[in-house]
Amino acid sequence: MIRLNCFFQANSPEGFANALAAAKTLTEKSQKHAGCKAYDVFTSATRSDVFMICETWENEDSLSKHSQTPEFAECVEIINQNGAMKIEKLNM
């Protein structure tokens, strides 16, 4: 299994709202993708400009197929336009 922890920091309050909306859309659609074991978005309890997407995939193939979907491209573009993201990848 593969776990991705995607940490996002917004460049403005409006950017946070835009990016979080895109992350929620991506989460809802990604939970239905083949090989998705878990996918969720969490907002920080201490910082108003930070959220994290936590996803778990069955294998590299399912993760690769997910990253090639139109919704992934669209949502990630919106997220990246509104702040910075750091991704940690763990093989379990």
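Please refer to the structure placed before this passage.
Quick caveat: nothing in here was measured; it's all calculated off a predicted structure.

J.: Is there a simple way to think about the nonpolar core in this case?
T.: Most often, soluble globular proteins keep nonpolar side chains buried together rather than apart. Phe8, Ala23, Tyr39, Val41, Phe51, Ile53 and Ile79 are the most contacted members of the largest nonpolar core, which has 20 residues in total. Elements supplying a minimum of two residues to this core: strand S1 (2–10), helix H1 (13–30), strand S2 (36–43), strand S3 (50–57) and helix H3 (70–81). In terms of residues, this core owes the most to one element, H1, which gives six residues. Ignoring sequence-local partners within four residues, the contact set of Ile79 consists of Phe8, Ala19, Ala22, Ala23, Ile53 and Met85.

J.: Sorry if this is basic, but what is going on with the pattern of salt bridges here?
T.: Under the counting rule described, the total for this entry stands at four salt bridges. Salt-bridge contacts for Glu60 lead to Lys89; the nearest nitrogen and oxygen are separated by 3.0 Å. In this pair, Glu60 sits in helix H2 (residues 60–67) while Lys89 sits in strand S4 (residues 83–91), placing the two residues 29 residues apart along the sequence. The exposure class of Lys89 is partly exposed, given its relative accessible area of 44%.

J.: Can you walk me through the sheet that holds S1 in this structure?
T.: Whether parallel or antiparallel, the strands of a sheet pair through hydrogen bonds between backbone atoms. Strand order in the open sheet formed by four strands is S2-S3-S1-S4, with antiparallel pairing between adjacent strands. With one partner strand each, in any of the chains shown, S2 and S4 form the two edges of the open sheet. The mean angle between the axes of side-by-side strands here comes to 10°, regardless of whether they run parallel or antiparallel. Bridge count for S1 against S4 is nine bridges, and the pairing is antiparallel. For Leu4, the partnering residue across the bridge sits in S4 and is Lys89. The strands touched by H1 are S1, S2 and S3; relative to S2, the strand with the most contacts, the crossing angle is about 160°. The sheet strands contacting H2 are S1, S2, S3 and S4, and the helix crosses S3 at an angle near 130°.

J.: I tried to follow the pairing of S2 on my own but got confused; where do I start?
T.: Two faces belong to every sheet, and in a regular strand the side chains alternate between them. As defined by bridge partners, S2 adjoins S3 across seven bridges and the pair is classed as antiparallel. Each bridged residue has a counterpart across the sheet, and for Val41 the counterpart in S3 is Ile53. The hairpin formed by S2 and S3 contains six residues between the paired strands.

J.: How should the packing of aromatic side chains be read in this particular structure?
T.: For any pair of aromatic rings, the description rests on two quantities: the centre-to-centre distance and the angle between the ring planes. Applying the stated rule across the entire model yields three aromatic pairs. Seen from their ring centres, Phe8 and Phe51 are 4.6 Å apart, and the 25° between their planes marks the pair as stacked. Separated by 43 residues along the polypeptide, Phe8 in strand S1 and Phe51 in strand S3 bring together distant segments of the chain. You'll find Phe8 and Phe51 in the same group, each marked buried. Taken together, a centroid distance of 5.9 Å and an interplanar angle of 65° make the contact between Phe16 and Phe51 edge-to-face. Of this pair, Phe16 sits in helix H1 while Phe51 sits in strand S3; the two residues are 35 residues apart in sequence, bridging distant segments of the chain.

Each value, and the rule that gives it
Residues numbered from 1 in each chain as written. Predicted model: local features only at pLDDT ≥ 70, side-chain atom pairs only at ≥ 80, totals over all residues. Heavy atoms only, no water. Core = buried A, V, L, I, M, F, W, Y, C linked by side-chain atoms within 4.5 Å. Buried < 20%, exposed > 50% of the residue type's maximum accessible area, 1.4 Å probe, protein only. Helix = DSSP H or I, 4+ residues; strand = E, 2+ residues; numbered from the N terminus. Contact = heavy atoms within 4.5 Å. Salt bridge = Lys/Arg side-chain N within 4 Å of Asp/Glu carboxyl O. Pairing = 2+ DSSP bridges. Axes fitted to C-alpha atoms, helices over the stretch in contact; angles between N-to-C directions. Phe/Tyr/Trp six-rings, centres within 6.5 Å; stacked < 30°, edge-to-face > 60°.

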